[in-house]
Amino acid sequence: MTATTPMGRTTGTATPGGTPALVVVAHGSRDPRALSTVRALLDRVRALRPALPVHLGHIELNAPLLPGTLAALGHREAVLVPLLLSRGHHVKRDIPETAAASPARTRVAAPLGPHPLLVDVLHDNLLEAGWPLHAPRDAAVVLAAAGSRDPDSRTDTDRTASLLAARLGVPVVPAYASAAAPTVPEAVRTLTARGHRNIAVASYFTAPGRFATECAAAAPWIASAPLGTHPAMARLLLHRYDRARALGGESDPPTRAHRPARAAMAHAAPATAPASGAHPAHA
């Protein structure tokens, strides 16, 4: 048994001979599309790094559950990478406590967000949904996330919104499916009152599910698909794994978007405060 910290240091993680396993920790969902999406994403990870042992463990709702995945590893070394988009209760408490109770030698990586690769996925998914290469001046985006009561979760989501706003050059307002405000319909009303007529909803969920479906239904214009199996998602999982091995799981320093924002960004709701992570990535 080893002690594991939320962003992850643990003692005794060096296993003689052998690469530490990657354990992707998904939330779990009642929607069967979520499990199939996560499994397909892990197949992408394996294709990128065939020699790496890759395992799946769920926090709840789906098998395999995380305790069983870790028990099957015995005393081997593993890096747990949360398939979650921000800090929150699952990242800070549930995952580290489960890891510490297992015989495996573990460390817990940072959650996936915020990170520019997620902005790549959000941007590509918006383009696929019909976002124009040159957005009209009255365009805006609602970044629809799961929601969490943890202020760090909101900080992370706001950071992602800020990065996406800089990429698109339009206001991006975070909104939540549960546990936090504003809701997606509330954010749409706020942007409409400010004169925005082309309002898209960017789905900031790892996989399809009830939350993603409900948020997309509130879009007055276009709605993008969840993050899903985009190639950048597989690269980001491996990045978090590598960083946790090298630096003890510390999160990345502040990131910058690839392109500058338009002046319209100044009129958006604050997009640099706390983000989501303790709540389900998909319901």
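J.: I would appreciate a short explanation of the overall build of the chain in the present structure.
T.: Across its full length, the chain carries eight helices and seven strands. For the chain, long-range pairs separated by at least 24 residues make up 81% of all intrachain contacts whose partners lie at least 6 apart in sequence. On the chain, roughly 11400 Å² of surface is accessible, and the fraction owed to carbon and sulfur atoms is 56%.

J.: Would you mind showing me how to read the packing of aromatic side chains here?
T.: Geometry of an aromatic ring pair is reported as the spacing of the ring centres plus the angle between the planes. Scanning the entire structure with this criterion turns up one aromatic pair. Between Trp131 and Trp221, the ring centres sit 5.6 Å apart and the planes meet at 45°, which makes this aromatic pair tilted. Within this pair, whereas Trp131 is found in the loop between helix H4 (116-129) and strand E5 (139-145), its partner Trp221 is found in the loop between helix H7 (210-217) and helix H8 (231-247), the two being separated by 90 residues in sequence.

J.: What is the right way to read the side chain of Ser224 from this model?
T.: Take Ser224: it is sitting in the loop between H7 and H8. According to the relative accessible area criterion, Ser224 is buried, its value standing at 6%. Among the polar contacts made by the side chain of Ser224, one reaches the main-chain amide nitrogen of Ser203 at a distance of 3.0 Å. When residues no more than four places from it in sequence are discounted, the contact partners of Ser224 are Asn125, Leu126, Ala129, Val201, Ala202 and Ser203.

J.: In this structure, what is going on with the pairing of strand E7 (residues 198-203)? I would like to understand it.
T.: Across a regular strand the side chains alternate sides, sitting on one face of the sheet and then on the other. With five of its six residues buried, E7 lies for the most part within the structure. The pairing of E5 with E7 spans six bridges and is classified as parallel. Counted as the bridge partner of Val142 is Val201 from E7.

J.: Any chance you could explain the confidence of the model for the chain here in plain terms?
T.: Any region with low pLDDT has predicted coordinates that should not be read closely. Averaged over every residue, the pLDDT of the chain is 86; residues scoring 70 or more account for 81%. In this model residues 249-283 is a low-confidence stretch, pLDDT under 50, and it forms 142 contacts with partners more than four residues away in sequence or in other chains.

J.: Would you take a moment to explain helix H6 (residues 184-193) for this structure?
T.: Residue pairs three or four apart in sequence face the same way in an α-helix, which turns once every 3.6 residues. Every buried residue of H6 is listed here: Val184, Ala187, Val188 and Leu191. One side of H6 holds all its buried residues, which, seen down the axis, span an arc of 100°. Along H6, the residues that are exposed and aim more than 90 degrees away from the buried face are Arg189 and Ala193. Lining the buried residues of H6 we find E5, strand E6 (172-176), E7 and H7. Phi turns positive, to about 100°, at Gly195, one or two residues after H6.

J.: Where do I start with the sheet that holds E5 in this structure?
T.: Hydrogen bonds along the backbone pair up the strands of a sheet, which may run parallel or antiparallel. With parallel pairing, three strands are arranged side by side in an open sheet as E6-E5-E7. The open sheet terminates on both sides in strands that have one partner only, identified here as E6 and E7. Averaged over all pairs of adjacent strands, the angle between strand axes in this sheet comes to 30°, irrespective of strand direction.

J.: What should I look at first to understand the nonpolar core in this one?
T.: Generally speaking, soluble globular proteins have nonpolar side chains that are buried together. Ranked by size, the top nonpolar core spans 49 residues in total, and within it Leu22, Leu83, Leu112, Trp131, Val141 and Leu164 carry the most contacts. For this core, the element with the most residues is H8, which contributes eight residues. Discounting residues that sit within four places of it in the chain, Trp131 has contacts with Leu126, Ala139, Ala140, Val141, Leu168, Val170, Ala200, Trp221 and Ile222.

J.: Please explain the packing of helix H1 (residues 32-48) against H8 as it appears in this structure.
T.: Two quantities define a packed helix pair, namely the angle between the axes and the distance from one axis to the other. Packing of H1 against H8 leaves a shortest axis separation of 9 Å and a crossing angle of 65°. Classified by the interaxial angle, the pair formed by H1 and H8 is roughly perpendicular. For the element pair H1 and H8, the recorded crossing hand is right-handed. In this structure, H1 uses Leu41, Arg44, Val45 and Leu48 to contact H8, whose residues at the interface are Pro231, Met233, Ala234, Arg235, Leu237 and Leu238. Partitioning the contact of H1 with H8 into residue classes produces eight nonpolar, no polar and two charged.

Analysis parameters
- Position numbers for residues count from 1 along each chain, tracking the sequence in the order it is written.
- Owing to the predicted nature of the model, reporting of local features is limited to residues with pLDDT of at least 70; listing and counting of side-chain atom pairs is limited to 80 or more, with chain, interface and lining totals taken over all residues.
- Here the side-chain values reflect all heavy atoms present in the structure, with hydrogen atoms and water set aside.
- Strands here are runs of E lasting at least two residues and helices are runs of H or I lasting at least four, both read from the DSSP assignment and numbered beginning at the N terminus.
- Any two residues whose heavy atoms approach within 4.5 Å are treated as being in contact.
- Areas reported here follow the Shrake-Rupley algorithm with a probe of radius 1.4 Å; residue values treat only the protein chains shown as occluding.
- Two aromatic rings, drawn from Phe, Tyr or Trp (for Trp, its six-membered ring), form a pair once their centres lie within 6.5 Å of each other, and the interplanar angle then sorts them: stacked below 30 degrees, edge-to-face above 60, tilted otherwise.
- Partly exposed residues are those whose accessible area sits between 20% and 50% of the maximum for their type, while under 20% is buried and over 50% is exposed, using a 1.4 Å probe and protein chains only.
- Pairing of N or O atoms within 3.5 Å defines a polar contact, subject to two protein rules: one partner must be a possible hydrogen donor and the other a possible acceptor, and residues neighboring in sequence count only if both atoms are side-chain atoms.
- Following DSSP output, two strands are said to pair if at least two bridges run between them.
- pLDDT measures how confident the predictor is about each residue, on a scale from 0 to 100.
- To obtain the arc, one takes the directions from the helix axis to the C-beta atoms.
- Angular values range over 0 to 180 degrees, each being the angle between N-to-C directions of two axes fitted as lines to C-alpha atoms, with helices fitted over their stretch in contact.
- The term nonpolar core refers to a set of buried residues drawn from Ala, Val, Leu, Ile, Met, Phe, Trp, Tyr and Cys, joined through side-chain atoms within 4.5 Å.
- Note that the term roughly parallel is reserved for angles under 35 degrees, roughly antiparallel for angles over 145, roughly perpendicular for angles of 65 to 115, and oblique for everything else.
- We call a crossing left-handed when the near helix sits turned anticlockwise from the far one by less than a right angle, and right-handed when that turn is clockwise.
- Classes in brief: Ala, Val, Leu, Ile, Met, Phe, Trp, Tyr, Cys and Pro nonpolar; Asp, Glu, Lys and Arg charged; the others, Gly included, polar.

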